[in-house]
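One-letter residues, chain by chain:
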Amino acid sequence: MAGNSLQRGPPNLTSLKAHRYEIPLPYTVNAGRVFLRKITTSPCGPTTKEPGGLYGPPGGPCSGSLETPLAHGFRLNTFQVKAYILALLCVAHFALTFIYIAPGPLLIDEAIYHWMARSFSERGSLDVWNGYEEFPSPELRHRYLRAREGKLVPQYPSLFSVLALPFYRVFGFFGLFVMNSLAFVGVVVICFFTARKLFGDAELALDSCLVLVLATFAWEYSQAAWPHMCALLFAMCAFYLTVSSYFARTRGTSLGLAMASGAIAAIGLGLRLDAILIFPALILPFLFARPTRLREALALGVGSLLPVAVLSAMNEAKFGAFSPFSYGDGPNVQTISPLVCLAAGVVAGLVWIVMRPKPQEWAKRHKIAAGMLMGASLVLSILLVSDAWETVSRVLRDAYVCVVDIRAFPPEPVVAQRSSGGGVLYIGAHKKALLQSLPYLGLLIVPFFRMLRPDKDSFSLALLFVTPVTVIAFFVYSFPFHDTGGLCLNTRYFLLGLPFISILSAYAIRDLKDRWVIPFGFPVMTLIVAATGAVYLLLTQDARGSLDALEYPILVVPLWMAGGFAVAMAAGLALESGMGRAIRAVAWVLLVMTMTWAGLVALTYDYPAHRYARAAHHFYGDASLKAISPDSLLFSDNKTVAASMGAVEKERVRIGFPTEDGFKDFLRLTNFQLNAGRRVFALFQDPLWAELQKGVLSTYRVSPLLIFQGFTLSEIAFPGVGVGTPER
């Protein structure tokens, strides 16, 4: 009825009413007077939106008083389905933590965290006991431990031990996995609220979470012992509070939220130092606001003071350095040249000046002079860096390795095994660069160009880009310090950027759906997903058992798909009709394929490989723990150290690291323990045992206790001393 009236001529305004199941009118009616209003579409139906002031929220469907649902249709059903799927995934994730995960360390880092949690739980101490006080041998120190005043302290931030205390008391080492699993669910929830707060679209927020869970490598680090996911939760909470502060209704609320954001972000530093990389995204919104909101920026800094002071005091007690950023003195301490920081500050200051209204007006009137000034400033920033051109070329090369193709990793230094095509191999599987893990990254072209246009979403998009750019820039610059990130199969240092990439990807998908007509429905999309999965399984199963052959589906195919999708998307955006429609259809197909491929590699290749390594270390460690006696010494080599570290659960067991000094103090430490009446054990690879028994242990009694595939747990004793019998 209403539709016919609108088509035939001027309607009787007083007789028309918009209600839940009719198309809402673009005006309201009150006693015959017409008031225009803006109509927006949301997952909860078309809504009315009113603009907010300086401290007003951006609005959001189903979430605020500024938008009232007027109609509900099929999109609501889609929203509900996605919400149920996401909820089931979160429940399944937490359940799998108890059902599927083997609580073994993936690598030495997690074993050190285990040691930290146990020491703090038992003794309330930030140091770890390893017998160093009774005999300060360098082989009782690991490179991740620092010696101070006769004690050993871990290099990692100590607030982790405090946070892990209740979980360790209840579950033991497995409690660290439970803590990270809960943190992952929290990250997903905060990701949803952040996206909805920024864009006022609950369905986009759900899509962001689904991308994060199903199409990134975040899941792998959520069922782990090291605190990546916990640190990410604090960073995301701080970011959400910053966004809430920016859009708060009142000055007092804004200042309070900014202060809370600073405090939570600083607490995150007590879990992982790279959590500091969230701070640019917290402070830049206030500094670049018009007008500049210095009070909020100052409140954020004030909020961080108390946690930073506590963390500094912890490091003072551990390392003698009153700084929250210290790892102590050791081989793994990383530094960045002050000139690089100064250069970054020059660029940031230049951008800030350019974005002020008066400089912008001047630049519009004097474009040539403005361009010359900007170019000169950039050149000055580059020249501030010593060996500038060498640094630039190295950074560009390392950016390609980290972001595009891990196979370009230089042959020196040797950090891992390599496949015939240059693939970097850890734990019997291929490591990947960021694009090889997320071949749909070309999607970010869409929000990037939308950000450059004066648009209602420009601020939100710019804010989301800050953290990924900061994280990538920092770790690309410091790449020589980090090598490839250790025994994990992704560039794990980019984990902090994944929620932001997921939100940007979901925004790009929504934008493309608004611009383009999707050429197929859900059944066809399901068919594409199934076909992609079939091709993936065919390629990986056919190459199973050959790491050289697996290089093609794991490293090469994602790059071909990423390139094809980026080209198709760019062409689809450039061409309006004719061939453009066909190209856009291809782009949609490739988008579905790239996201499916990313999820399959993360969940069926990386995740099981990590789980298998943990299970192996758990099995060997548990068996060794039962075989050794309390108040003893257990040596390990660089291949068995993760499995050996389970011995910290036995009372007063010392862990020896003879490969740290090339076995120089091996006999001295062994003799000290044997002369003190303690038993000495070692879990070494078989070739190393053969070498030792022909050399330094030729006059000692070496008796195998547990014989595994490739390595053996044996007891070392003086000649004539009886020991146990071997088990296989």
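Residue numbers run consecutively from 1 along every chain, following the written order of its sequence. Thresholds applied to this predicted model are a pLDDT of at least 70 for local features of residues and 80 or more for the giving and counting of side-chain atom pairs; totals over whole chains, interfaces and linings are not thresholded and use all residues. To obtain the side-chain values, all non-hydrogen atoms of the structure were used and water was disregarded.

## Regarding the sheet that holds strand β9 (residues 429–430)
Read from one edge to the other, the open sheet built from 3 strands follows the order β7-β8-β9, with strand pairing classed as antiparallel. Each end of this open sheet is capped by a strand with a single partner; those strands are β7 (417–418) and β9. One bridge is not enough; two strands pair if DSSP finds at least two bridges between them. Think of it this way: any DSSP run of H or I at least four residues long counts as a helix, any run of E at least two long counts as a strand, and we number them from the N terminus. Pairing of β7 with strand β8 (residues 424–426) involves 2 bridges; the strand directions are antiparallel. Note that in β8 the partner of Gln417 across the bridge is Leu425.

## Here's the deal with a nonpolar patch on the surface
Together, Phe98, Ile99, Val170 and Phe171 make up an exposed nonpolar region whose accessible area comes to about 430 Å². Contributions of two or more residues to the nonpolar patch are made by α2 (74–99) and α4 (159–171). Structurally, Val170 is set in helix α4. The buried label applies to any residue whose accessible area, calculated with a 1.4 Å probe on protein chains only, is under 20% of its type's maximum; exposed applies above 50%, and partly exposed to all values in between. Owing to a relative accessible area of 61%, Val170 belongs among the exposed residues under this scheme. For patch detection, residues must exceed 30% relative accessible area and be free of salt bridges, and they are connected within 9 Å for like charges or within 5 Å for nonpolar side chains (Val, Leu, Ile, Met, Phe, Trp, Tyr). Method for areas: the Shrake-Rupley scheme with a 1.4 Å probe, in which residue coverage is limited to the protein chains shown. For this document, the term salt bridge refers to a Lys or Arg side-chain nitrogen within 4 Å of an Asp or Glu carboxyl oxygen.

## Notes on the packing of aromatic side chains
Any two of the Phe, Tyr and Trp rings considered here, Trp counted by its six-membered ring, make a pair once their centres fall within 6.5 Å; the pair's planes then place it as stacked at under 30 degrees, edge-to-face at over 60, or tilted in between. Across all of its chains, the model carries 40 aromatic pairs by this definition. Considering the side-chain rings of Tyr113 and Phe160, the 4.7 Å spacing of their centres and the 65° angle between planes classify their relative orientation as edge-to-face. Here Tyr113, found in helix α3 (residues 108–123), pairs with Phe160, found in helix α4; they are 47 residues apart in sequence, far enough to count as distant. Judged by relative accessible area, which is 2%, Tyr113 ranks as buried. Note on Phe192 and Phe193: the rings are 5.4 Å apart at their centroids and 80° apart in plane angle, and the pair reads as edge-to-face. On the accessibility criterion, Phe192 (13% relative accessible area) is buried. You can call Phe193 partly exposed: its relative accessible area is 31%. An aromatic cluster is defined as three or more aromatic residues linked by ring pairs; in this entry it consists of Phe94, Phe98, Phe171, Phe173, Phe174 and Phe177. A cation sits over an aromatic face here: Arg611 above Tyr100, 4.5 Å from the ring centre. The criterion is that NZ of a Lys, or CZ of an Arg, lies within 6 Å of the ring centre and within 35 degrees of the ring normal, and then a charge sits over that ring.

## Some details on the sheet that holds strand β14 (residues 711–717)
Spatial ordering of the open sheet is given by β11-β10-β12-β14-β13, a layout of 5 strands whose pairing is mixed. Two strands close off the open sheet at either side, each with one partner strand: β11 (654–656) and β13 (701–707). Averaged over all pairs of adjacent strands, the angle between their axes in this sheet comes to 25°, without regard to strand direction. As defined by bridge partners, strand β10 (residues 633–636) adjoins β11 across 3 bridges and the pair is classed as parallel. Axis lines are fitted to C-alpha atoms, over the contacting stretch for helices. Their N-to-C directions set the angle, which ranges from 0 to 180 degrees.

## Focus on the pairing of strand β12 (residues 680–685)
By the criterion of burial, β12 is predominantly enclosed, with 5 of the 6 residues buried. Judged from the 6 bridges that link them, β12 and β14 form a sheet pairing that is antiparallel. Bridging across to β14, Leu683 finds its partner in Leu713.

## What to know about the nonpolar core
In this structure, Ile112, Trp115, Phe239, Ile278, Tyr440, Leu443 and Met645 are the most contacted members of the largest nonpolar core, which totals 175 residues. Looking at this core, the element that brings in the most residues is helix α5 (residues 174–199), giving 15 residues. Two residues form a contact once any of their heavy atoms are found within 4.5 Å. Residues contacting Phe239, with those up to four places away along its chain left out, are Thr194, Leu198, Ile278, Ala281, Leu282, Leu463, Leu464 and Phe500. Residues belong to a common nonpolar core when they are buried Ala, Val, Leu, Ile, Met, Phe, Trp, Tyr or Cys residues joined through side-chain atoms within 4.5 Å. The next biggest cluster of nonpolar side chains, apart from the first, holds 20 residues, and it includes Ile406, Tyr426, Ala433 and Ile554.

## Here's the deal with the environment of Leu559
Examined against the element boundaries, Leu559 turns out to sit in helix α21 (residues 547–574). The buried category is assigned to Leu559, whose relative accessible area is 18%. Spatially, the C-alpha atom of Leu559 lies 7.9 Å from that of Val404, the residues being 155 residues apart in sequence. Excluding residues that lie within four positions of it along the chain, Leu559 makes contacts with Val404, Asp405, Arg407, Leu435 and Gln436.

## Some words on the pattern of salt bridges
Per the counting criterion, the structure on display carries 31 salt bridges. A salt bridge links Glu110 to Arg614; the shortest N-O distance between them is 2.3 Å. In this pair, Glu110 is assigned in helix α3 and Arg614 in helix α22 (residues 579–627), connecting sequence segments 504 residues apart. For Asp511, the salt bridge goes to Arg450, with nearest N and O atoms at 2.2 Å. Separated by 61 residues along the polypeptide, Asp511 in helix α19 (residues 498–515) and Arg450 in helix α16 (residues 445–452) bring together distant segments of the chain. With relative accessibility at 6%, the residue Asp511 sits in the buried group. Bridged by salt links that share partners, the residues Glu134, Asp631, Arg652, Arg654 and Arg678 form one connected network.

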